[in-house]
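# Residue-level structure breakdown
Listed below, chain by chain, are the residues.
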Amino acid sequence: LELQHRLQGFLADIGGMDAVTLQPPAGAAGEFTGILIAKAYHERHGNDRSEVVIPASAHGTNFATAALAGYDVVELPSGADGRVDFEALEAAVGDDTAALMLTNPNTVGLFERDIEAIADLVHDAGGLLYYDGANLNALLGRGRPGDMGFDIMHYNVHKTFATPHGGGGPGAGPVGVTADLASFLPGPRVRESETASGYERFTPSESIGKVHGFEGNWQVLIKAYAYIARLGDEGLSDAAAKAVLNANYLAARIDLDVPFGPFHHEFAATAADHDAADVAKRMLDFGVHPPTTKWPEMVPEAMLTEPTEIENRSSLDDLAAAFNAAYADDDESLESAPNRTAAARIDQADAARNPRLSWQALDEDT
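Before going into details, it helps to say that this report is about the structure given with it. Since the model is a prediction, treat every value here as computed from it, not as a measurement.

## Examining the sheet that holds strand β6 (residues 152–154)
- Spatially, β1-β7-β6-β5-β4-β2-β3 is the arrangement adopted by the seven strands of the open sheet, whose pairing is mixed. The open sheet terminates on both sides in strands that have one partner only, identified here as β1 (19–21) and β3 (72–76). In this sheet, neighbouring strand axes are inclined to one another by 20° on average, regardless of whether the strands run parallel or antiparallel.
- Bridging between strand β5 (residues 128–132) and β6 involves two bridges; their strand directions are parallel.

## Structural notes on the pattern of salt bridges
- Evaluation of the coordinates by the stated rule reveals 14 salt bridges.
- The partner of Arg44 in a salt bridge is Glu206, with the nearest N and O atoms 2.6 Å apart. Of this pair, Arg44 sits in helix α2 (residues 27–44) while Glu206 sits in the loop between β9 (199–202) and α8 (218–253), and the two are 162 residues apart along the sequence.
- Looking at Arg44, the relative accessible area reads 51%, which means it is exposed.
- Glu206 sits in the partly exposed class, given a relative accessible area of 28%.
- A cluster of three or more residues bridged by salt bridges with shared partners is formed by Arg191, Glu194 and Glu200.

## Some remarks on the packing of aromatic side chains
- Counted by the stated rule, this structure contains six aromatic pairs.
- A ring pair is formed by Tyr131 and Phe150, whose centres lie 4.9 Å apart and whose planes are at 80°; its orientation type is edge-to-face. Separated by 19 residues along the polypeptide, Tyr131 in strand β5 and Phe150 in the loop between α6 (145–148) and β6 bring together distant segments of the chain.
- Take Tyr131: its relative accessible area is 0%, and that puts it in the buried class.
- Note on Phe150: relative accessible area 1%, which makes it buried.
- Plain terms: the ring middles of Phe214 and Trp218 are 6.5 Å apart, the flat faces sit at 90° to each other, and that makes the pair edge-to-face.
- Residue Trp218 is classed as partly exposed on the basis of its relative accessible area of 27%.

## Details of the packing of helix α1 (residues 2–15) against α8
- For the pair α1 and α8, the least separation of the axes is 10 Å and the interaxial angle reads 50°. Classed by the angle they form, the pair α1 and α8 counts as oblique. As for how α1 packs across α8, the hand of that crossing is left-handed. Within the contact between the two elements, α1 uses Leu3, Gln4, Arg6, Leu7, Phe10, Leu11 and Ile14 and α8 uses Trp218, Leu221, Tyr225, Ile228, Ala229 and Leu236.

## Quick word on the sheet that holds strand β10 (residues 267–270)
- The strand order β10-β12-β11 describes an open sheet built from three strands, whose pairing is antiparallel. Across the chains shown, the open sheet's two edge strands, defined by having one partner strand only, are β10 and β11 (292–293).
- Of the strand pairs in this sheet, β10 and strand β12 (residues 302–305) are connected by four bridges, and their pairing is antiparallel. Within the sheet, the bridge partner assigned to Ala268 lies in β12 and is Leu304.
- Across the sheet, helix α9 (residues 276–284) touches β11 and β12, and the angle it forms with β12 is around 45°.

## As for the nonpolar core
- By size, the foremost hydrophobic cluster in this structure holds 44 residues, and its most contacted members are Leu11, Leu89, Val157 and Phe161.
- Secondary structure elements with two or more residues in this core: α1, β3, α4 (86–92), β4 (97–103), α5 (115–124), β5 and α8.
- With sequence-adjacent residues up to four places away left out, Phe161 is seen in contact with Leu11, Ile14, Leu140, Asn156, Lys223, Ala224, Tyr227, Ile228 and Leu236.
- Listed in part, the 25 residues of the second largest apolar core include Ala38, Ala98, Val175 and Phe184.

## Side note on the pairing of β5
- In terms of burial, β5 is largely enclosed, as five of its five residues are buried.
- Crossover handedness for the path β4 to α5 to β5: right-handed.

Cut-offs applied
Residues numbered from 1 in each chain as written. Predicted model: local features only at pLDDT ≥ 70, side-chain atom pairs only at ≥ 80, totals over all residues. Heavy atoms only, no water. Pairing = 2+ DSSP bridges. Helix = DSSP H or I, 4+ residues; strand = E, 2+ residues; numbered from the N terminus. Axes fitted to C-alpha atoms, helices over the stretch in contact; angles between N-to-C directions. Salt bridge = Lys/Arg side-chain N within 4 Å of Asp/Glu carboxyl O. Buried < 20%, exposed > 50% of the residue type's maximum accessible area, 1.4 Å probe, protein only. Phe/Tyr/Trp six-rings, centres within 6.5 Å; stacked < 30°, edge-to-face > 60°. Parallel < 35°, antiparallel > 145°, perpendicular 65-115°, else oblique. Left-handed = near helix turned anticlockwise from the far one by under 90°. Contact = heavy atoms within 4.5 Å. Core = buried A, V, L, I, M, F, W, Y, C linked by side-chain atoms within 4.5 Å. Right-handed = clockwise from strand over helix to strand, strands pointing away.

Read these as geometric descriptors, not functional statements.
Given below as structure tokens:
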């Protein structure tokens, strides 16, 4: 209980939030929890809100979260500079707006410089501002969503604190809120005991209910606690600096065109006349993990890369060399890649729709 209480406090301090729940088992689950809290808040105050505004460059889970919570999704176009189009936002936000879901820095690695004006616009309309914690690596110790005007946020602790970033395995998506929303958090939470020494579990007065068994994905939370406690304030700030430095260094080392910049921990290069998926498959032959492809759609044939703080200069140079070699290859080589892996190209759509999750299932099919 003490460890949970300390981690709640760590995350609240890092995000500029007043209260935190550790329950959600992933970032997407954290999003859903956050939007359910927003919904409960509006219902509690008698606000009839039917829409959630989401930038076109947002993670796909944002759109799914809002729809699953029963909201209509209003998609917001990006401006020519890759950031939120403020005039479009002014037109989109109104009496029906429950929340704006925003990632900052955004999906092409750009900081939303107008964030305070964005927050004021949403709040003046009676809406809430939701922070997607996907890119929190870039802000640690240097900027807090709560100070920017965000009311709710989720933390991808499996990505930002320890796994390392996107390393696979189970996740955890704690949610932080401002004081006005604390009563709606899932229970139980942990606080210092009101009747004795030590700590106790409690359920907030207007809780939306449990969103996961026990206290969330406990082993992931322990790693996050250890990571934060080990690094401390200076270490977290240094991690953010390295995440930003690594992204900009890699972007400068590759031969592909990289729109926008400078970046915060990720960037989207364009494969231009090549198929981005072909370039990524060819990169596998050079022993590196390729980037996300075809997204965000605002960059044609996008190759989204986030080296974050975990890479050293040598590994970044190896990745840049793989980028450049694959990009310079001929169409025939690209279309046949990968050639040096245990498996060639799979049918990705079929694999997603009809997963075979054991060797036994594979044997049955053959």
